Amino acid sequence: MAVPASSRASLNFGDDGRLYGQAFCNSFNGSYQLQRDQLSVGDLASTMMLCTPKQMERERTMLDILGQSRRVEQQGDGTLQIFAADGRALTAN
């Protein structure tokens, strides 16, 4: 699913093994472990605000891929790709 450039989402990885961000509508947090290019995410939780159907669809997709993450790749241009077990991917710049 391509997301318009005007849409806002964020993902931050803390040094303490926690991640957090904004998923188009709601904020979220969880835990992560990164070993080389292997990423596992757990304990994802988010706020429960109701937003537009498109925002909610994008958010569900983002959090689903993040929750199933298995591998990350950082590209030469700084872009980060997170790959889920089912082959879907998130791309962040």
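The present account deals with the structure reproduced in this document. It should be emphasised that the depicted structure is a prediction, and the values quoted were computed from it without experimental measurement.

### Quick word on the pairing of strand 4 (residues 38-46)
So, step 1. When strand 3 (residues 26-35) meets strand 4, the two strands line up antiparallel, connected through seven bridges. Counted as the bridge partner of Asn29 is Ala45 from strand 4.
So, step 2. The turn joining strand 3 and strand 4, which pair antiparallel and follow one another in sequence, is formed by two residues; a positive phi near 55° is taken by Arg36.

### Some points on the nonpolar core
So, step 1. Of all hydrophobic cores here, the largest spans 15 residues; its most connected members are Phe28 and Leu66.
So, step 2. Elements supplying a minimum of two residues to this core: strand 2 (18-23), strand 3, strand 4, helix 1 (53-67) and strand 6 (80-84).

### Section: the packing of aromatic side chains
A ring pair, where both rings are aromatic, is described by two values, the distance of the centres and the angle of the planes.
So, step 1. Tallied over the entire structure, the rule returns one aromatic pair.
So, step 2. Taking 4.9 Å as the distance between ring centres and 80° as the angle between the ring planes, the aromatic pair formed by Phe13 and Tyr32 counts as edge-to-face. Residue Phe13 is located in strand 1 (residues 9-13), and its partner Tyr32 is located in strand 3; the two are separated by 19 residues in the primary sequence.
So, step 3. Residue class for Phe13 comes out partly exposed when judged on its relative accessible area of 32%.

### A short note on the environment of Lys54
So, step 1. With respect to the helices and strands, the residue Lys54 is situated in helix 1.
So, step 2. A sequence separation of 36 residues divides Lys54 from Leu90, and the C-alpha atoms of the two residues are 17 Å apart.

### Re the state of the cysteines
Disulfides are covalent bonds that link the sulfur atoms of two cysteine residues.
So, step 1. A full pass over the atoms with the stated rule returns one disulfide.
So, step 2. Across a sulfur-sulfur distance of 1.4 Å, Cys25 and Cys51 are joined as a disulfide pair. On the sign convention where negative means left-handed, the S-S torsion of about 55° between Cys25 and Cys51 marks this disulfide as right-handed. In this pair, Cys25 sits in the loop between strand 2 and strand 3 while Cys51 sits in the loop between strand 4 and helix 1, placing the two residues 26 residues apart along the sequence.

Cut-offs applied
- Residues numbered from 1 in each chain as written.
- Predicted model: local features only at pLDDT ≥ 70, side-chain atom pairs only at ≥ 80, totals over all residues.
- Heavy atoms only, no water.
- Pairing = 2+ DSSP bridges.
- Helix = DSSP H or I, 4+ residues; strand = E, 2+ residues; numbered from the N terminus.
- Core = buried A, V, L, I, M, F, W, Y, C linked by side-chain atoms within 4.5 Å.
- Buried < 20%, exposed > 50% of the residue type's maximum accessible area, 1.4 Å probe, protein only.
- Phe/Tyr/Trp six-rings, centres within 6.5 Å; stacked < 30°, edge-to-face > 60°.
- Disulfide = S-S within 2.5 Å.

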